[in-house]
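A structural walkthrough
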Amino acid sequence: MNYKDIKIVFFGTPDFAVESLDALIKEGCDIAAVVTAPDKPAGRGHKLLESAVKKYAVDHHLPILQPTNLKSEDFQTELKAIGADLFIVIAFRMLPQSVWAMPRLGTFNVHGSLLPRYRGAAPINRALMAGETRTGVSTFYLSHEIDTGDIIGSMATDILPDDDFGSLYEKLMKMGAELAVETVKNIAEGNITRVPQDEFEATPCPAPKIFKEDCHIDWNQPALKVHNLIRGVSPVPGAWTTIADDKSETVMKVFKSSITDTPAVNPGAIHISPKGMRIDCADKQLEILSVQVQGKKRMEIADFLRGNRLENPRTV
């Protein structure tokens, strides 16, 4: 079967999914419709905000479905009427079985980890936070439990010491697009082997959604753990701490850091010198390289120190 003859419905919301959608279209795949999140009010004016996938679909004149309820009979009737052979899901909500079991060739997902490791909503963040040195992307068939279906294919890559969430996201986004196209072609050719996931490998590596409290820096942790937290949530949502001096206190996000060999004395203590800012962790001092304080733009630490004369600074 020619992969261009497979009628596909694509499910996705953020730009991570757009990369794959674009690759599929450029490869000549038949995208019969796109399913994405409903528009959401944002900002003070509550202007409706469209998802990245919707914006792309509009620009490329693709039919769009935006269900509020995936179990809705009206939505499922409309979806079934498309007569798709295959569903592809990337960075979307969990689908009910009545949806993912609909197409004759099944439904596959592109996930930002080497499954079964880092199942969940934040695999890229969590891999960096754990100090992993290797990760990748996987395609797998959807099943009853989230991120547990049989693996179709995968691609691996090294996590470089300078990688943060932003750089690794871009890398895996492009790899995911390549793997999505390859998976469609292999399905069309019947050239796939379904590999059940090894539950033993999955046990120590969950990847739940990142919340604000997950990004709070605990300076009582070793410097490596704090450094990996900063990498794992930079540039968004951003690791944060509260700093104070004799005049005021403010929340400061830390986007980039470097581990020093200098032993720490008092976790959370701030050391400022002509060379920059260091903060004590449980074992060593962490060099702070890029920050943002409330109401200001992100800046290098030298620029921050020039504009902020801190008197007896400390974390609180």
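Here, the structure is the one placed above.
Predicted model, so just to flag it, every value in this text is computed and none were measured.

1. Focus: the sheet that holds strand S5 (residues 64–65)
Pairing within the open sheet is mixed, and its seven strands lie in the order S5-S2-S1-S6-S7-S8-S9. The open sheet is flanked by S5 and strand S9 (151–158), the only strands paired with a single partner. Where strand S1 (residues 7–12) meets strand S6 (residues 86–90), five bridges bridge the pair, whose relative direction is parallel. Bridging across to S6, Val 9 finds its partner in Phe 87. Sheet contacts for helix H6 (residues 165–189): S1, S6, strand S7 (107–111), strand S8 (134–141) and S9; angle to S9, the most-contacted strand, approximately 150°.

2. Some remarks on the layout of surface pockets
Space inside the largest pocket adds up to approximately 620 Å³. If you trace the largest pocket, you find 28 residues lining it, with Ala 91, Phe 92, His 111, Gly 120 and Ala 121 closest to the centre. Going through the elements one at a time, S7, helix H5 (123–129) and H6 are the ones with two or more residues in the lining of the largest pocket. Across the lining of the largest pocket, the residue classes break down as 18 nonpolar, seven polar and three charged. Roughly 310 Å³ of internal volume is contained in the second largest pocket. Lining the second largest pocket are 20 residues, with Pro 161, Asp 162, Asp 163, His 227 and Arg 231 sitting closest to its centre. For the lining of the second largest pocket, the elements supplying multiple residues, two or more each, are helix H8 (223–232) and strand S11 (249–263).

3. So, the side chain of Ser 113
Within the secondary structure, Ser 113 sits in the loop between S7 and H5. Only 3.4 Å separates the side chain of Ser 113 from the backbone oxygen of Tyr 118, close enough to count as a polar contact. Each residue touching Ser 113, except ones within four places of it in the same chain, is listed here: Tyr 118, Pro 123, Thr 135, Gly 136, Val 137 and Ser 138.

4. Comments concerning the pairing of S6
Among the five residues that make up S6, five are buried, leaving the element largely enclosed by the rest of the structure. Judged by which residues are buried, S6 turns out to be covered on both faces: Leu 86, Ile 88 and Ile 90 on one side and Phe 87 and Val 89 on the other are all buried. Where S6 and S7 come together, three bridges link them in parallel fashion. Its bridge partner being in S7, Val 89 is matched across the sheet by Asn 109.

5. Examining helix H1 (residues 15–26)
The terminal C-alpha atoms of H1, which comprises 12 residues, lie 16 Å apart, in line with the 16 Å expected from a rise of 1.5 Å per residue. Within H1 the residues assigned to the buried category are Phe 16, Ala 17, Val 18, Ser 20, Leu 21, Asp 22, Ala 23 and Leu 24. If you follow the buried residues of H1, they end up packed against S1, strand S2 (30–35), helix H2 (52–59), S6, H5 and H6.

6. A short note on helix H3 (residues 73–82)
Taken together, the buried positions of H3 are occupied by Phe 75, Gln 76 and Leu 79. Viewed end-on, H3 has its buried residues packed into an arc of 95°, placing them on one side of the element. Those residues of H3 that are exposed and aimed more than 90 degrees away from the buried face are Glu 73, Asp 74, Thr 77 and Ala 81. Each element contacted by the buried residues of H3 is listed here: S1, S2, S5, S6 and helix H4 (97–100). Structurally, the start of H3 carries an N-cap: the backbone nitrogen of Asp 74 is 3.3 Å from a side-chain oxygen of Ser 72.

7. Looking at the packing of H1 against H6
Orientation of H1 relative to H6, taken along the N-to-C sense of each, is 40°, at an axis distance of 8 Å. By the angle between their directions, the pair H1 and H6 is classed as oblique. The hand of the H1/H6 crossing is right-handed. Together, Asp 15, Phe 16, Glu 19, Ser 20, Ala 23 and Leu 24 of H1 and Tyr 169, Leu 172, Met 173, Lys 174, Gly 176, Ala 177, Ala 180, Val 181 and Val 184 of H6 make up the contact between the two elements. Within the contact of H1 with H6, the residues separate by chemical class into 10 nonpolar, two polar and three charged.

8. Regarding the state of the cysteines
This model, assessed by the stated rule, comprises zero disulfides. In this structure Cys 281 is a free cysteine whose sulfur lies 16 Å from that of Cys 215, the closest cysteine sulfur available. The class for Cys 281 is buried, based on a relative accessible area of 0%.

9. Considering the pattern of salt bridges
Summed over all chains, the structure comprises 16 salt bridges. Salt-bridge contacts for Glu 50 lead to Lys 54; the nearest nitrogen and oxygen are separated by 3.6 Å. Lys 54 gets classed as buried once you look at its relative accessible area, which sits at 10%. Among the ionic contacts, a cluster of salt bridges with common partners joins Asp 39, Glu 50 and Lys 54.

Thresholds, definitions, all that
- What you see as residue numbers is a count from 1 along each chain, following the sequence as written.
- At least 70 in pLDDT is required for a residue's local features to be given in this predicted model, at least 80 for side-chain atom pairs to be given and counted, and no such filter applies to totals for whole chains, interfaces and linings, which use all residues.
- By convention in this description, side-chain values take in all heavy atoms of the structure and omit both hydrogens and water.
- Strand pairing follows a simple DSSP-based rule, namely that at least 2 bridges must link the two strands.
- Segments assigned H or I by DSSP are reported as helices when at least four residues long, segments assigned E as strands when at least two residues long, and all are numbered from the N terminus.
- The contact criterion used is simple: two residues touch if any of their non-hydrogen atoms lie within 4.5 Å.
- Think of each axis as a best-fit line through the C-alpha atoms, taken over the contacting stretch in the case of a helix, with angles from 0 to 180 degrees between the N-to-C directions.
- Of the grid points, spaced at 1 Å and generated over the protein atoms alone, those admitting a 1.4 Å probe that cannot get out make up cavities, while open sets with protein on both sides within 12 Å along at least five of seven lines make up pockets; any residue with an atom within 4 Å of a point is treated as lining.
- Grid points are joined across faces, edges and corners, and a volume is the space filled by probe spheres set on the points.
- Lys, Arg, Asp and Glu make up the charged group, whereas Ala, Val, Leu, Ile, Met, Phe, Trp, Tyr, Cys and Pro make up the nonpolar group; the residues left over, Gly among them, are polar.
- Counting of polar contacts relies on pairs of N or O atoms within 3.5 Å, with two restrictions inside protein: one atom must be capable of donating a hydrogen and the other of accepting it, and residues adjacent in sequence are counted only when both atoms are side-chain atoms.
- Accessible area is worked out with a 1.4 Å probe on protein chains only. A residue is then buried under 20% of its type maximum, exposed over 50%, and partly exposed in between.
- By definition here, a helix of n residues has an expected span of 1.5 Å times n minus one.
- An arc is given here, and it is the one of the directions from the helix axis to the C-beta atoms.
- Throughout, the term roughly parallel applies to angles under 35 degrees, roughly antiparallel to angles over 145, roughly perpendicular to angles from 65 to 115, and oblique to all others.
- Each helix crossing is assigned a hand: it is left-handed if the near helix lies turned anticlockwise from the far helix by less than a right angle, otherwise right-handed if that turn is clockwise.
- The definition used for a disulfide is geometric: two cysteine sulfur atoms within 2.5 Å.
- Salt bridges are identified by distance alone: a Lys or Arg side-chain nitrogen within 4 Å of an Asp or Glu carboxyl oxygen.

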